[in-house]
Amino acid sequence: MHHSNTIDWIPIKKYNDILFTFWNGISKIEINRPSCYNAFRVETVEEMISAIEICRYRDDIDILIITGSGDKSFCSGGDQTTRGLGGYLGKDGIPRLNILDFYKKIRDIPKPVIAMVNGFAVGGGNVLHVVCDLTIASNNAVFSQVGPKVGSFDGGFGSSYLARIIGQKKTREMWFLCKEYSAEEALNMGLINKIVKKDKLEEETIKWCKIIQSRSPMAIRMIKRSLNAELDGQYGLMQLAGDATLMFYLMEESQEGKNAFLEKRNPNFKKFKKFL
């Protein structure tokens, strides 16, 4: 196993607020705003959405890591200095909550997304790792919801999905009290998957990535879809059904229908086995 220092992350595209890099089928989105503990502003989120779109359609990317720069903060949520009336203000002055679009993209992408939590995961930063498929945290990680302290809340994934992970009582505690929880406490409540020493965080995350890369991508894709589908209502069922359609298109029975149409003949579906 390479030591984390020797991993040669290659930049995929240059952005202002994030670093977007690639190595051996793994891509990494790193929020690069250390001056404000990697808080996101409207532009940061636009860049993350752009990067995850690239991840989705690039065949050589199997898996995505999301993290923050430095070793103190993963993400401290919405940048309160850019918060205006009705949302966070972009350069155009229009108030937005576009982080919600990024959360949806994380669930939509048919590839696994791993949060590599390297310090504070606060507010929208806690929700960010919650929405990812897996969370690996450094031993100095701190988890906290702060909405009610700053006059904000996330009633979406940050509440209902969080409650699915850690339960109703604990979720209400996190939101009502806005307490901070250590990596150890987070692991005990099932909020994260694993704790690693700070200097081994990337190495361990890459190890998990490599194991996932050795698994069947279609099986992983369908599991992710299925786990989301139950919680995401008809939208989730549409995603799952879309992938079922994809699988059907790969089958001869489906191709017979298309070929018959193109060849201007009646399809012969009788020749295909029915599984009972």
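Thresholds, definitions, all that
- Residues numbered from 1 in each chain as written.
- Predicted model: local features only at pLDDT ≥ 70, side-chain atom pairs only at ≥ 80, totals over all residues.
- Heavy atoms only, no water.
- Axes fitted to C-alpha atoms, helices over the stretch in contact; angles between N-to-C directions.
- Helix = DSSP H or I, 4+ residues; strand = E, 2+ residues; numbered from the N terminus.
- Parallel < 35°, antiparallel > 145°, perpendicular 65-115°, else oblique.
- Left-handed = near helix turned anticlockwise from the far one by under 90°.
- Contact = heavy atoms within 4.5 Å.
- Nonpolar A, V, L, I, M, F, W, Y, C, P; charged D, E, K, R; others polar.
- Buried < 20%, exposed > 50% of the residue type's maximum accessible area, 1.4 Å probe, protein only.
- Pairing = 2+ DSSP bridges.
- Salt bridge = Lys/Arg side-chain N within 4 Å of Asp/Glu carboxyl O.
- Core = buried A, V, L, I, M, F, W, Y, C linked by side-chain atoms within 4.5 Å.
- Phe/Tyr/Trp six-rings, centres within 6.5 Å; stacked < 30°, edge-to-face > 60°.
- Lys NZ or Arg CZ within 6 Å of the ring centre and 35° of its normal.
- Disulfide = S-S within 2.5 Å.

Asks: Tell me about the packing of helix 4 (residues 157-166) against helix 5 (residues 168-177), and name the residues and values.
Replies: Between helix 4 and helix 5, the least distance of the axes is 7 Å, while the angle of their chain directions is 130 degrees. For the element pair helix 4 / helix 5, the angle class is oblique. In this structure, helix 4 meets helix 5 at a crossing whose hand is right-handed. In this structure, helix 4 contributes Gly158, Ser159, Leu162, Ala163 and Ile166 to the contact, and helix 5 contributes Gln168, Lys170, Thr171, Met174 and Trp175. Per-class residue counts for the contact of helix 4 with helix 5 are 5 nonpolar, 4 polar and 1 charged.

Asks: I'd like a description of the environment of Gly93, backed by residues and values.
Replies: On the secondary structure map, Gly93 appears in the loop between strand 7 (87-89) and strand 8 (95-96). What makes Gly93 partly exposed here is its relative accessible area of 42%. Residues Gly93 and Thr82, 11 residues apart in the sequence, show an inter-C-alpha distance of 9.9 Å.

Asks: With reference to specific residues and values, describe the pairing of strand 9 (residues 113-117).
Replies: The side chains of a regular strand alternate between both faces of the sheet. Burial analysis of strand 9 places 5 of its 5 residues in the buried class, the great majority of the element. Neither face of strand 9 is open: one carries Val113, Ala115 and Val117, the other Ile114 and Met116, and all of them are buried. Bridge count for strand 4 (residues 63-68) against strand 9 is 4 bridges, and the pairing is parallel. Looking across to strand 9, one finds that Ile65 is bridged to Ile114.

Asks: Kindly report on the sheet that holds strand 7, identifying the contributing residues and their values.
Replies: One open sheet holds the 3 strands; their spatial order is 6-7-8, and the pairing between them is antiparallel. At either margin of the open sheet sits one strand with a lone partner, and together these are strand 6 (83-84) and strand 8. Across 2 bridges, strand 6 lies against strand 7 in antiparallel orientation. Bridge pairing in strand 7 places Arg83 opposite Tyr88.

Asks: Talk me through unusual backbone geometry; I want residue IDs and the actual numbers.
Replies: The phi dihedral of Asn24 falls on the positive side, at around 50 degrees, and the residue is not glycine. Within the fold, Asn24 resides in the loop between strand 2 (18-23) and strand 3 (26-31). What makes Asn24 partly exposed here is its relative accessible area of 49%. A positive phi is found at Tyr37, a non-glycine position, where the angle reads about 55 degrees. Structurally, the position occupied by Tyr37 is in the loop between strand 3 and helix 1 (42-57).

Asks: Tell me about the pattern of salt bridges, and name the residues and values.
Replies: Under the criterion given, the structure shown has 23 salt bridges. Members of the salt-bridge network, linked through shared partners, are Asp17, Arg33, Arg41, Glu43, Asp79 and Lys91.

Asks: So what's going on with the sheet that holds strand 2? Residues and values would help.
Replies: Taking strand neighbours across the sheet as the criterion, the 7 strands line up as 1-2-3-4-9-11-14 in an open arrangement whose pairing is mixed. Only two strands of the sheet have a single partner each, and these edge strands are strand 1 (10-14) and strand 14 (194-196). Pairwise comparison of adjacent strand axes, ignoring direction, gives a mean angle of 25 degrees for this sheet. In this structure, strand 2 lies alongside strand 3, joined through 6 bridges in antiparallel fashion. The residue of strand 3 that forms the bridge with Leu19 is Glu30.

Asks: Which residues make up the nonpolar core, and what values go with them?
Replies: Among the nonpolar cores identified, the biggest contains 47 residues, and Ile29, Ile66, Phe102, Ile106, Leu128, Phe143 and Leu191 are the most heavily contacted of them. Top contributing element to this core by residue count: helix 1, with 6 residues. Residues Ile63, Met116, Leu134 and Cys209 belong to the second largest nonpolar core, which totals 15 residues.

Asks: How would you summarise the packing of aromatic side chains if you had to cite specific residues and measurements?
Replies: For the structure on display, the rule yields 3 aromatic pairs. Considering the side-chain rings of Tyr15 and Phe20, the 6.2 Å spacing of their centres and the 50 degrees angle between planes classify their relative orientation as tilted. Here Arg107 stacks its cationic end above the ring of Tyr161, 4.5 Å away from the centre of that ring.

Asks: Run through the state of the cysteines, naming residues and quoting values.
Replies: Here the structure, examined in full by the defined rule, presents 0 disulfides. For Cys55, which is in no disulfide, the shortest distance to another cysteine sulfur is to Cys209 and amounts to 12 Å. Left without a disulfide partner, Cys75 is nearest to the cysteine sulfur of Cys36, which lies 9.1 Å away.

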